[in-house]
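Given next are the chains, with one letter for each unit.
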Amino acid sequence: MTDSSPVQVPGTVLTMRRIGAYQTMTLVAPGVAERFRPGQFVALAVGGEQSSMLLRRCFAVREVKPDYGGTVEIVFSVRGKGTQWLAGLRPRDIVDVAGPLGRPFPLPRYPVTCVLLGVAHASAALFPLAAVLRQRDCPLHFLLGGAGTEEVHGARGARRAGDSVAVATEDGSLGSAGRVEDLLASAIEGAQAEVVYACAPLETLRSVSRTCAGYGIPAQVAVEEPMACGTGVCMACVLPVIGDDGATHMVRTCVEGPVFRGERVRWDDVGTIPFDALGAPRALRLGERP
Amino acid sequence: MTDSSPVQVPGTVLTMRRIGAYQTMTLVAPGVAERFRPGQFVALAVGGEQSSMLLRRCFAVREVKPDYGGTVEIVFSVRGKGTQWLAGLRPRDIVDVAGPLGRPFPLPRYPVTCVLLGVAHASAALFPLAAVLRQRDCPLHFLLGGAGTEEVHGARGARRAGDSVAVATEDGSLGSAGRVEDLLASAIEGAQAEVVYACAPLETLRSVSRTCAGYGIPAQVAVEEPMACGTGVCMACVLPVIGDDGATHMVRTCVEGPVFRGERVRWDDVGTIPFDALGAPRALRLGERP
Amino acid sequence: MSVDLRTRLGPVSLPNPIMTASGCGGTGRELGRFFHVAKLGAIVTPSITPEPRAGRPAPRLAETPSGVLNSTGLQGPGIDVFLDRDLPWLDEQGARTIVSIAGNSVEEYAEVAKRLNSAPGVTAVEINTSCPNVEDRGLMFAAHPTAAAEVVRAVRTNTRRGVPVFAKLSADVTDVVGVAMACADAGADGLSMINTLHGMAVDTWSFRPRLAGVTGGLSGPAIRPVAVRCVYQVHAALPEVPIIGMGGVRTGTDALELILAGASAVAVGTANLHDPSACTRILRELDTALRERGITGLADAVGLAHKPAGTLIRRIDPNVGVGEPTEQESLQ
Amino acid sequence: MSVDLRTRLGPVSLPNPIMTASGCGGTGRELGRFFHVAKLGAIVTPSITPEPRAGRPAPRLAETPSGVLNSTGLQGPGIDVFLDRDLPWLDEQGARTIVSIAGNSVEEYAEVAKRLNSAPGVTAVEINTSCPNVEDRGLMFAAHPTAAAEVVRAVRTNTRRGVPVFAKLSADVTDVVGVAMACADAGADGLSMINTLHGMAVDTWSFRPRLAGVTGGLSGPAIRPVAVRCVYQVHAALPEVPIIGMGGVRTGTDALELILAGASAVAVGTANLHDPSACTRILRELDTALRERGITGLADAVGLAHKPAGTLIRRIDPNVGVGEPTEQESLQ
Ligand SMILES: Cc1cc2nc3c(=O)[nH]c(=O)nc-3n(C[C@H](O)[C@H](O)[C@H](O)COP(=O)(O)OP(=O)(O)OC[C@H]3O[C@@H](n4cnc5c(N)ncnc54)[C@H](O)[C@@H]3O)c2cc1C
Ligand SMILES: Cc1cc2nc3c(=O)[nH]c(=O)nc-3n(C[C@H](O)[C@H](O)[C@H](O)COP(=O)(O)OP(=O)(O)OC[C@H]3O[C@@H](n4cnc5c(N)ncnc54)[C@H](O)[C@@H]3O)c2cc1C
Ligand SMILES: Cc1cc2nc3c(=O)[nH]c(=O)nc-3n(C[C@H](O)[C@H](O)[C@H](O)COP(=O)(O)O)c2cc1C
Ligand SMILES: Cc1cc2nc3c(=O)[nH]c(=O)nc-3n(C[C@H](O)[C@H](O)[C@H](O)COP(=O)(O)O)c2cc1C
Ligand code: FES
Ligand code: FES
């Protein structure tokens, strides 16, 4: 149990606010903050002691602070019954927190120009990253997207932290109309970017990875695959990813991710077991019917 | 659907206080108060929308008021996980309430002298009864019991409502030491009581019924058998009770009770199917092995 | 947009697919204090036996996570009192009544069916095959295809045409599809699934079983995945046989889940204990859920989970499709 | 008062009865970040197959009321990597390892057992009999007493003395006691119960099964009553055969419930997903629960629900009683 191990603690709700389409919740969760590195996430238990909901809900970390032994802020939208329960919490309520979990973003050793691309709530994960990159004197260019104005998270924070910010909304209500990935090529060119960090739905990450490959620069993408435990024991969260050995492995995004090199993920085969994956059904490998 | 039908409404917690060993909760539950008659109870759903607890929790009614469309007050002790959840509620929280349920206490047509015997939280049910008996000019003598001082409910209320109050605690910390049923015979004799109303655990009710039978006066007892639905659909709450036809029936205490004439309940056979009950297993009736 | 909620169970048409599950809706009168029983597609009675039964000793119910264990032992007044007192009341209310029947031998089932045959107001008969067969070491009929089929045959023979016979199956078997096929072959017009799972709980203070009957039946949302699986498997094997799905339905979308898996109607059991208005609420929620999904006829949703992704074609299935209700039925 | 938590599983003694359930504790490393894996009675590995397996496509898990459906398809690295990488790590930690094995034919099971035979650090072998038998239309071995027995015989033959072989049974059968007896007759030193129940869920928006594998296994507190029933029935029939009980254990009293029903050890599965510290918490809670009830030795509690009310006699059962641990074991 090294220091980089996660902790599991009863977290106490400190604040709960609604901003745009999202709930922002700050938890006092001693031990998480000091271990946290950008890109990692926390897994929360929902529903209380007699809960009928057994799976954890995972959230990117928006900010950690050393106050009260360590606080963690997350930004989330109400989607199903677990997030609905979370949104109903009030200060002093208790939530079980496990974290920080997952592999963080790799950081450049020298100052390099970065594009930070985020869509909807997923943008939250960019801010702790930006803080660290700033310390390393990296020029930062934000690209933020969402369905509409309400769904764009962190435009103000990005303006504070970044050298530039561009926004795209699908309904055109803020920034340019369209998808934020459509702004990426010109952002890379304009800023002479050397790396792209992205937190977004799968479709966007696929497109980001392609674009970066075209420019020959690395895409560090944080995926948001459905997770169940967040700790690596259940095998729910697998993606087909090409390993260092050149073979495709079904890897758990909660422990081997959520951050991957974009070109390693076999985006077109997500939701399948590629026939050439390690351990794929033999029948398929032999070209027989499954 | 006559007016004596129960209602099912989302109840809003108005107040929650701890008094002695008990929680006192007042709910705004429109429609319940106006239908309520002493001896009836309410059945609460616990655990919220995604609750893993499916059975209702039943509680005697301590008081109803017409305020806010009708309020209901209950007094309860934390026993298992459902009452634990209830005890954690705060004003404005919502609890689903069904009630009033069950058969009320039969009321005397003329002023008669009554002994009202209650043990622990169950004493709560005596107070709405006392209010109605008072209106009918019945002299009222309270006998209250509990394990210790903290577990005696309503001594002050009884002093206000009754002509006399005697208390017994098992640890002797309040009133006489021992069980309250031991005070019954002298209370009946002293007051020349014509009827006894009792709300208490089964053992006490059995003893009360015997004592009353000895004096040839009716015992109206409210039982507290484990219930599951409270509305009569599940058959959980049966007791062997002798019907008007002289035969023993397994009757549901939630709809045919909770109030029974003490001599009708086959106290010694509780927890069994008496061999002569209507529909008892044939093998048993023939004296064969089950 | 209005949703056509009618559904067909063999020869019978119901105005909507929601019904009480056997043993969980009382005689109808108890829930009738919370809503009009005729609003439901049907009321399923507790399992009716030839003689009165006092049931099992208490404790009879125990709460488990998202479930309930019961061992009530089919307490009931027997067929005579049922015909005299309970069935006429349901008929007066305008309810459609599905009579669940039970017995401890093939003869007992046949006897109850015969008695029902001349009674007015029986919309369908449901055979509770989970009873112990005294002639086979107390093994439940549902455990063996041949035993289940024998009961179905006896009941079908003694029930008049036009009154469909549904066989209610247990999921506590190695091969539910095999039992389903045997029942269909023996003349069952439809299948009801699932009965409770065989379970048990132990009190950790007294060290004793929590039910006086030691083991009991597990019901409630906990078992819904098993119910969905059984309905799905049986509908895949016997697509023309109508299914009354049940097991853990608590909301309108839970009901829809069973319908998508292949149920033409949905019975609500344990949810009634938790919420006496459950059946009408679920009916309302189902209507809303179908509307929100652009489904205009319930029949279009039946078995949709078996279709390739993206399919939502309007189809008139001879079995579950929306036929014109017969005159008698539409008068109800 | 201190509680003696030691338990015996045939020839093996464990310091306490709590273990991870197969497939729910990762390789041990994952939970090892939250507690020391050697603190548990044992670590049960995911089911190990002869070859690497990529498992089933996602979505693989779905949440259900108080339960989880999974269809992971036994993703794993295969026996070679397991022996090279995972087993040595567990051994280094001082953990007692129960290796779960799986295959699609009797030969595959035998093959894995043979490979394990020469490996150090194998405390016991658990046979996952819920795998589809490719030689029998994909029916799981657990479905038929003869098929289950055949696998047990093959594994027992290929496993060295002193390493007990446990057969893990499915509750999805008509007669779990029959399967248990067949396995015991075939040489199983003990039985593990229960595996997941066969279930399914349908997404009510997409109308598709919620798992890519269509059906899956239901686990979690929802199924605990079924687990308790199976353990109780099998312990009643085979009181000398040690049982590893599992299914829905979330707290120390849940574990005690299975012990009272007849389990000598308790495996924790789905609770690990919900609470990565579940196993150590449950161990602590079990200790407290026994202490609060005045039970000084775990062995005294095993099967207590079978005894007449009020019995809590101290007894030394040759099977579940507290033997002196062997030297090797007490050094761990
Ligand atoms: C690494 C990571 C970081 C995330 N960060 C954020 C964030 O910062 N803000 C935010 O709003 N959401 C985030 N999500 C998504 C968030 O976890 C889901 O929206 C949430 O779990 C849904 O829970 P629910 O109870 O509302 O939905 P339900 O559908 O009831 O959830 C059922 C189960 O499915 C899982 N699940 C469902 N949808 C998702 C999903 N999209 N991703 C992962 N698991 C899912 C849940 O965790 C749960 O185990 C993140 C997901 C991951 C994997
Ligand atoms: C008519 C009636 C009136 C009651 N009035 C009061 C009251 O005024 N104050 C009070 O504190 N308690 C009262 N009780 C008892 C109260 O219902 C139980 O204490 C409570 O349901 C326990 O719930 P739990 O979740 O704490 O326990 P759990 O053990 O988790 O309950 C599980 C299930 O068992 C039932 N149950 C368990 N114990 C009892 C019991 N003693 N009686 C009935 N059902 C039980 C619960 O209702 C629930 O359905 C009354 C019971 C009845 C039947
Ligand atoms: C208290 C109770 C009593 C029941 N009685 C019967 C019965 O008499 N006959 C029958 O066929 N099923 C009976 N059942 C089973 C239900 O009809 C239903 O099949 C099962 O509970 C699953 O549905 P649910 O999860 O919605 O309750 C009973 C269930 C419960 C909980
Ligand atoms: C995600 C997951 C994976 C599982 N993998 C296996 C496995 O590889 N082998 C096995 O025998 N059982 C497996 N099981 C079944 C568990 O070991 C256990 O028998 C079952 O889940 C019941 O226990 P629980 O309710 O505590 O989870 C798995 C269960 C889950 C939830
Ligand atoms: S979410 Fe369980 S292994 Fe990743
Ligand atoms: S509690 Fe259900 S019938 Fe009385």
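Residues numbered from 1 in each chain as written. Chains lettered and ligands numbered in written order. Predicted model: local features only at pLDDT ≥ 70, side-chain atom pairs only at ≥ 80, totals over all residues. Heavy atoms only, no water.

Chain C appears in an unreviewed UniProt entry as Dihydroorotate dehydrogenase from Actinoallomurus iriomotensis. Under the Sequence similarities (unreviewed entry) heading, UniProt states for chain C: "Belongs to the dihydroorotate dehydrogenase family. Type 1 subfamily." What UniProt records for chain C under Function (unreviewed entry) is the sentence "Catalyzes the conversion of dihydroorotate to orotate." (UniProt positions renumbered as here; feature names shortened; annotations may be inferred.)

In the nomenclature of an unreviewed UniProt entry, chain A corresponds to Dihydroorotate dehydrogenase B (NAD(+)), electron transfer subunit from the organism Actinoallomurus iriomotensis. Quoted straight from UniProt, the Sequence similarities (unreviewed entry) entry for chain A says "Belongs to the PyrK family."

This brings us to the overall build of chain A. Looking only at helices and strands, one finds 7 helices and 16 strands in chain A. Against the 2.2 N^0.38 benchmark of 19 Å for 290 residues, chain A shows a C-alpha radius of gyration of 19 Å, consistent with a compact globule. If one aligns the C-alpha atoms of chain A with their principal axes, the spans along those axes are about 55 × 45 × 40 Å. In chain A, buried positions account for 57% of the 290 residues. (Helix = DSSP H or I, 4+ residues; strand = E, 2+ residues; numbered from the N terminus. Rg over C-alpha atoms; globule rule 2.2 N^0.38 Å. Buried < 20%, exposed > 50% of the residue type's maximum accessible area, 1.4 Å probe, protein only.)

One frequently used descriptor of interface size is the decrease in accessible area upon assembly of the parts. Tallying the contact residues gives 7 residues for chain B and 7 residues for chain A. Here chain B packs against chain A, burying approximately 680 Å² in sum over the two surfaces, 38% of which is carbon and sulfur. Among the residues chain B hides against chain A, the three largest losses belong to Q50(B), S52(B) and R90(B). Together they make up 66% of the total. For the pair chain B and chain A, the interface holds 2 salt bridges. Counting across the interface, chain B meets chain A through 4 residue pairs in polar contact (both at pLDDT 80 or more). Here the side of chain B that touches chain A is built from residues that sort into 1 nonpolar, 3 polar and 3 charged. (Contact = heavy atoms within 4.5 Å. Buried area = accessible area lost by both parts, 1.4 Å probe. Salt bridge = Lys/Arg side-chain N within 4 Å of Asp/Glu carboxyl O. Polar contact = N/O pair within 3.5 Å; in protein donor to acceptor, adjacent residues only side chain to side chain. Nonpolar A, V, L, I, M, F, W, Y, C, P; charged D, E, K, R; others polar.)

Peptide bonds are, in most cases, trans, and in most cases residues other than glycine have a negative phi. The omega torsion across G99(A) and P100(A) is -5°, close enough to zero to call that bond cis. One can find P100(A) in strand β7 (residues 94–101). In the segment running from M193(D) into I194(D), the intervening peptide bond is cis, with an omega of 0°. Note that I194(D) resides in the loop between β10 (190–193) and β11 (197–200). One non-glycine residue with positive phi stands out, namely A120(A), at about 55°. Inspection of the secondary structure puts A120(A) in the loop between β8 (114–119) and α3 (126–135). Non-glycine residue R137(D) carries a positive phi angle of around 50°. Following the sequence through the fold, R137(D) ends up in the loop between β8 (124–128) and α4 (145–157).

With that out of the way, let us pick up the interface of chain C and chain D. Taken together, the contacts link 46 residues of chain C with 46 residues of chain D. Of the roughly 3,800 Å² buried where chain C meets chain D, counting both sides, 65% is carbon and sulfur surface. The largest share of the area that chain C buries against chain D comes from T174(C), M200(C) and F207(C), three residues that together contribute 17% of it. Viewed at the interface, chain D and chain C are joined by 0 salt bridges. Put simply, chain C and chain D have 14 residue pairs in polar contact (both at pLDDT 80 or more) between them. If you list the elements that add at least two residues to the side of chain C that touches chain D, you get β11 (197–200), β12 (215–219), α6 (224–237) and α7 (252–261) of chain C. It is α6(C) that provides the largest number of residues to the side of chain C that touches chain D, a total of 7 residues. Across the side of chain C that touches chain D, the residue classes tally to 28 nonpolar, 9 polar and 9 charged.

On inspection of all chains with the given rule, the structure shows 4 cavities of 30 Å³ or more. The volume enclosed by the largest cavity comes to roughly 60 Å³. Elements represented by at least two residues in the lining of the largest cavity include exactly α6 of chain C together with α6 (224–237) of chain D. Looking at the lining of the largest cavity residue by residue, the classes come out as 6 nonpolar, no polar and 4 charged. (1 Å grid on protein atoms, 1.4 Å probe; cavity = no way out; pocket = protein on both sides within 12 Å on 5 of 7 lines; lining within 4 Å. Points joined across faces, edges and corners; volume = space filled by probe spheres on them.)

With that settled, the discussion passes to the UniProt feature "domain: Dihydroorotate dehydrogenase catalytic" (unreviewed entry) in chain C. Per the UniProt record, "domain: Dihydroorotate dehydrogenase catalytic" (unreviewed entry) is found at residues 7–289 of chain C. As annotated, residues 7–289 of chain C comprises 34% helix and 19% strand, and the C-alpha atoms at either end are separated by 16 Å.

Turning our attention to the UniProt feature "binding site: FAD" (unreviewed entry) in chain A. Residues and elements named next belong to chain A. Mapped onto this numbering, the UniProt entry gives "binding site: FAD" (unreviewed entry) at G82 and T83. Structurally, G82 can be placed in helix α2 (residues 81–87). Among the residues examined, G82 registers a relative accessible area of 2% and is labelled buried. Excluding anything up to four places from it in sequence, G82 contacts V46, M53 and R57. Positionally, T83 belongs in helix α2. What makes T83 buried here is its relative accessible area of 9%. Residues within four places of T83 in sequence aside, it is in contact with F59, F76, S77 and V78. Reaching out from T83, the side chain makes a polar contact with the backbone nitrogen of R79 at a distance of 2.7 Å.

Turning our eyes to something else, we now look at the nonpolar core. Membership of the largest hydrophobic core comes to 237 residues, with the highest contact counts inside it found for L116(C), L191(C), L116(D) and L191(D). Counting residues in each nonpolar core, the second largest holds 31 residues, with V180(B), L205(B), V223(B) and F260(B) among its members. (Core = buried A, V, L, I, M, F, W, Y, C linked by side-chain atoms within 4.5 Å.)

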